[in-house]
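Residues per chain are reported as follows:
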Amino acid sequence: MHEDDEFEPDYGPFEDELPKNDAMYIRASTKRYNKGRKCPTCAGIFTNVSRHVLRTHLPWYVAAQTACWQCKIQFAQNSVLDAHIAECHQSDIKNTSIKFSEDKYERWVNLMNGLLDVVSKELECDTLQDLCNLADKICVYPKHSEPIFQGKDLKLVSIFNATNEYVFEFGSKNIIVQPPYSIPFLLHWRILASLIQQTEMGENIISVEKIKSLRPVLEVKETLHLTDSHFHLDMLSKKIGTISLPHFFWTWSNKDYQISHLISNYCYPRNWPSSDLRSKIRQDNRIKLTFGIHPRIVEMENTSKLNEWISDLEWLLKANRVVAVGECGLDNSGRKWDVEKQIKFF
């Protein structure tokens, strides 16, 4: 990821400019000290420091659009890359097997993921967000040299976000990426070079070509599935006018919850559903049925009616499609009616 291919702004002298004799030994370091800018990695001073960093201090694939993907060399300038292709490969400069193209998008993203993973481990960061936090502390630049994503950089950033399934959108204008609070900001050449400088591997990292896909390890929000073991479907149906149930789903304390199964407790015999209605209810796989006689009902009914309901309960047991039969109580003569003759579970 690099800034303007043709030139960098003339920011003039800066406070941490090195003595002239120190920079003379750096390849391509400028003698125009009043026009140069300090490299974030070495002692050199350059009129176009981004080209120097991309060519010298970062892996060849970081600036994907100006790299030769066959020779694995970074040129950091399109015109030089085109001359290389024409001379060394004797090929058309639009050859997609040599230049960066759509078929290389995922490979490039996985290479960048691998590079960030290596840098994170070198700097003892557990996550890439931890690496962002570290970069916020150590990658601080004066105002005249703030890291900037220009409009032409945003295509690569968008590819990086889309492939990794990061939910982060940039505008269409230049973006200052200091402080580097978001993972895509780590792709900026200035921030990346500064972080690499902090590692023990140092310049050896420029040879890293680790492929790493982040998509399989993205955090998936856990959903806790629940069962309501005493649900009065008959009462809810009267209120809403239908047996169709909504999806019971909610979020609490940063966790998702969903009621996946309901035990519908029919304990009032006059509300017991007919055979046809039971068939309709069973079409919702979340619902299982129970039948019983509530103690309050036992006290209010005569023996004849209770015996009739008991017979119905026994018949329901034979239907073999009932989760459980339960409830008990006393009739008005004080006799206990035990209808828990059999409990069945699927």
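If you're wondering where the values come from, they're calculated on a predicted model, not measured in any experiment.

## Points about the pattern of salt bridges
Where charged atoms from two side chains of opposite charge approach closely, those side chains can pair.
Line of reasoning, step 1. A complete count under the given rule lists eight salt bridges for this structure.
Line of reasoning, step 2. One salt bridge connects K121 with D117, and the closest N-O pair in it is separated by 3.3 Å. Residue K121 and its partner D117 are both found in helix α4 (residues 105-122); the two are separated by four residues, about one turn of the helix.
Line of reasoning, step 3. Note on K121: relative accessible area 55%, which makes it exposed.
Line of reasoning, step 4. Among the ionic contacts, a cluster of salt bridges with common partners joins D117, K121 and K210.

## Re the pairing of strand β9 (residues 255-266)
Line of reasoning, step 1. Most of β9 is tucked away, with nine of its twelve residues classed as buried.
Line of reasoning, step 2. For strand β7 (residues 223-231) and β9, the ladder comprises seven bridges, and the chain directions are parallel. The residue of β9 that forms the bridge with T223 is D256.
Line of reasoning, step 3. Strand direction decides the pairing type here: strand β8 (residues 249-252) and β9, joined by four bridges, are antiparallel. Directly across from W252, in β9, lies its bridge partner K255.
Line of reasoning, step 4. As paired strands, β9 and strand β10 (residues 287-292) are joined by five bridges and run parallel to one another. Note on β10: the bridge partner recorded for L262 is I287.

## A closer look at the confidence of the model for the protein
Line of reasoning, step 1. Summing up the model confidence of the protein, the mean pLDDT is 76 and the portion of residues at 70 or higher is 76%.
Line of reasoning, step 2. Mean pLDDT values for the elements of the protein range from 42 in strand β12 (residues 328-330) up to 94 in α4.
Line of reasoning, step 3. This stretch, residues 3-26, has a pLDDT under 50; its non-local contacts, to residues over four places away or in other chains, come to 59 contacts.
Line of reasoning, step 4. Ignoring residues within four places in sequence, the model shows residues 328-346, a span with pLDDT below 50, making 54 contacts including any to other chains.

Rules behind the numbers
Residues numbered from 1 in each chain as written. Predicted model: local features only at pLDDT ≥ 70, side-chain atom pairs only at ≥ 80, totals over all residues. Heavy atoms only, no water. Salt bridge = Lys/Arg side-chain N within 4 Å of Asp/Glu carboxyl O. Helix = DSSP H or I, 4+ residues; strand = E, 2+ residues; numbered from the N terminus. Buried < 20%, exposed > 50% of the residue type's maximum accessible area, 1.4 Å probe, protein only. Pairing = 2+ DSSP bridges. pLDDT = per-residue confidence, 0-100. Contact = heavy atoms within 4.5 Å.

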